[in-house]
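Chain residues, written in single-letter form:
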Amino acid sequence: MDFRIADTFTDSLARLTGDEQKAVKTTAFDLQMNPANPGMSFHKLDNARDKNFWSVRVSSDIRLIVHRTSQGLLLCYVGHHDDAYEWAERRKIEAHPKTGAAQIVEIRERIEEITVPKYVEPESRGLTSVPLFAAVADGDLLSWGVPPEWLPDICAANNEDGLLALTDHLPAEAAEALIEFATGGQPQPRLPTATPGAGLPLDTAARVVAPDVGDSRQKPADPFSHPDAQRRFRTIQSSEELERALDAPWDKWTIFLHPAQRAWVEKDYSGPARVSGSAGTGKTIVALHRAVHLARTCPEGRVLLTTFSDALANALRVKLRRLVGNEPRLAERIDVYAMDAIGERLYKTAFGSLQLAASEDISTLLEAAAKAHPDHGFNRAFVRSEWNNVVDAWQLRSWEGYRDVQRLGRRTRLPETRRKALWMIYSNVLAKLVTVGKVTRAGMFAS
């Protein structure tokens, strides 16, 4: 029987008092040594959606939530009685139907009752109500690891606040992919895209057999073997390993560099290099260690590590502190910024003050210009999308530039006459921006 711990368990353990933690660790060791010990007080959670959730009594008030199947025991959460039970009743553990990775999934119906009635507030302003993921098919969202029951909320998200509220309740790989797409990136599918047993409860999925191409033998499909699952679940082989896992914060393990990755970190490249790989293969960890390696080998230089958003940049700073927290002089030569933040910094250094046009500013200008040219024949969503993805993205400043640009990836074909009608709108917006002295983010980078 496999014995595993989840990152949610170590996180919740850290919130208890010292004496409570000692009692929990004793119970965890007892469970690892003999989970069938009659002295262990297991209680089935009748109100939990996932029928494999059980509570284990640690003390008069502390309860340990475990996920127990015929294949293994998973330590999921620990807390005071009511808190622990509520955590389990709001979650289930299953293999994702697209990726096959084991996930801890929050149950959407209970989220509405317990926290806020609605995550995504529709904006009243006309052009800002375009959903962020309107152009993304459900199949693509699933391939990023989004749980199926959260698809309606994801598809309704139309602003950054709504998206960030959602990502707090999603598996890490799904949250990262959604943020990457919303900030202009193109997430890669979480492979494998089809796994025998995916979408089934873990006790069923683990028994499904997957054919091994070129091998007549059959191997069981293990939802915990997926790279995304290994980010949040750890298989414990011995009592010594369990002791280390409970004593060290989970995040200490997340900055570990596998020996096979060290060659990429320390290689002497002759120019720019790109390291690619599927989800969960350690690209971020390689980038962190590469930044530290460069700072060490170039003692007079500074290193810049960039990412898509402020949230991801903050996460990288935290990991960087864990990696070189005992080397402050080295750490102070490594800057970690989101692309927008470093763009603003460089712009102000070169040109002085920066007046950014907010999304609401652009919406107002587009709407007013569209009303001034009512015969253009396009809906507001298309007008905004064309601005974001073509005019502003390519920094087109003349009719000739817009007329001749290749609109790669745009589904709606536009002959010259229709482009002319749209350019009447966009040229008006561009003139207004110049008048008020504001630039868009794309314009900031192009300056």
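Parameters at a glance
Residues numbered from 1 in each chain as written. Predicted model: local features only at pLDDT ≥ 70, side-chain atom pairs only at ≥ 80, totals over all residues. Heavy atoms only, no water. Helix = DSSP H or I, 4+ residues; strand = E, 2+ residues; numbered from the N terminus. Buried < 20%, exposed > 50% of the residue type's maximum accessible area, 1.4 Å probe, protein only. Contact = heavy atoms within 4.5 Å. Areas by Shrake-Rupley, 256 points an atom, 1.4 Å probe, with all protein chains shown as cover. Pairing = 2+ DSSP bridges. Axes fitted to C-alpha atoms, helices over the stretch in contact; angles between N-to-C directions. Arc of directions from axis to C-beta. Salt bridge = Lys/Arg side-chain N within 4 Å of Asp/Glu carboxyl O. Lys, Arg positive; Asp, Glu negative; His and termini not counted. Phe/Tyr/Trp six-rings, centres within 6.5 Å; stacked < 30°, edge-to-face > 60°. Lys NZ or Arg CZ within 6 Å of the ring centre and 35° of its normal. Expected span 1.5 Å × (residues − 1).

(A) Main features of the overall build of the chain. Helix and strand counts for the chain stand at 22 helices and 12 strands. The buried share of the chain, taken over its 447 residues, is 42%. Expressed as a percentage of contacts within the chain between residues at least 6 apart in sequence, the contacts between residues at least 24 apart total 63%. Carbon and sulfur atoms make up 51% of the accessible area of the chain, which totals about 23500 Å².

(B) Geometry of the sheet that holds strand S10 (residues 233-235). Reading across from one edge, S2-S3-S4-S5-S1-S10 is the order of the six strands in this open sheet, with mixed pairing throughout. If you trace the sheet from one side to the other, it starts and ends with strand S2 (42-44) and S10, each paired once. The sheet shows a mean angle of 30° between the axes of neighbouring strands, taken without regard to direction. The pairing of S2 with strand S3 (residues 53-57) spans three bridges and is antiparallel. Residue His43 lies in a different strand from S3, and its bridge partner there is Ser55. Taken strand by strand, helix H1 (residues 7-14) contacts strand S1 (2-6), strand S4 (62-68) and strand S5 (72-80), and its axis lies near 25° from that of S5.

(C) Structural detail: unusual backbone geometry. A positive phi angle, close to 50°, is found at Gln395, a residue other than glycine. Examined against the element boundaries, Gln395 turns out to sit in the loop between helix H19 (380-391) and helix H20 (399-404).

(D) Helix H11 (residues 239-247), seen in detail. Listed in full, the buried residues belonging to H11 are Glu241, Leu242, Ala245 and Leu246. End-on view of H11: buried residues confined to an arc of 130°, all on one side of the axis.

(E) Spotlight on the pattern of salt bridges. Using the criterion set out here, one finds 18 salt bridges in the structure. Measuring nitrogen to oxygen at the nearest pair gives 3.4 Å for the salt bridge that ties Asp2 to Arg4. Among the residues examined, Asp2 registers a relative accessible area of 36% and is labelled partly exposed. By relative accessible area, Arg4 is classed as buried at 9%. Here Asp361 ties to Lys438 by a salt bridge, and the two come within 3.2 Å at their closest N and O atoms. With Asp361 in helix H18 (residues 359-372) and Lys438 in the loop between helix H21 (416-436) and helix H22 (441-446), this pair connects stretches of sequence that are 77 residues apart. Judged by its relative accessible area of 28%, Lys438 is partly exposed.

(F) Structural view of the side chain of Arg333. Within the secondary structure, Arg333 is located in the loop between helix H16 (328-331) and strand S12 (334-338). Salt bridges are absent for the buried Arg333, whose nearest opposite-charge side chain, Glu332, sits at 6.4 Å.

(G) Focus on the packing of aromatic side chains. For the coordinates displayed, the defined rule picks out 11 aromatic pairs. Aromatic side chains Trp387 and Tyr426 sit 6.0 Å apart centroid to centroid with 45° between the ring planes, which places their arrangement in the tilted category. Taken together, the positions of Trp387 in helix H19 and Tyr426 in helix H21 put the pair 39 residues apart, joining distant regions of the chain. There is no split in this pair, since Trp387 and Tyr426 are both buried. Taken together, the ring pairs connect Trp387, Tyr402, Trp423 and Tyr426 into an aromatic cluster. The cationic tip of Arg68 hangs over the ring face of Trp54; the distance from NZ or CZ to the ring centre is 4.1 Å. Across from the ring centre of Trp399, 4.6 Å away, lies the NZ or CZ of Lys420, which sits over that ring.

(H) How the structure looks around helix H15 (residues 310-324). Counted at 1.5 Å a residue, the expected span for H15 with its 15 residues is 21 Å, and the 21 Å between its end C-alpha atoms agrees. Along H15, the residues that are buried comprise Ala313, Leu316, Leu320 and Val324. One face of H15 carries all of its buried residues, which in axial projection span an arc of 60°. Where H15 is buried, its residues contact helix H14 (283-297), strand S11 (303-307), H16 and S12.

(I) Region of the structure containing the pairing of S4. Summarising burial for S4: six of the seven residues are buried, a large majority. Relative to S4, S3 runs antiparallel, the two being bridged by five bridges. Opposite Phe53, over in S4, you have His67 as the bridge partner. Counted along the chain from S3 to the antiparallel partner S4, the turn is four residues long. Alignment of S4 against S5, held across seven bridges, turns out to be antiparallel. By the bridge assignment for S5, Arg63 is matched with Gly79.

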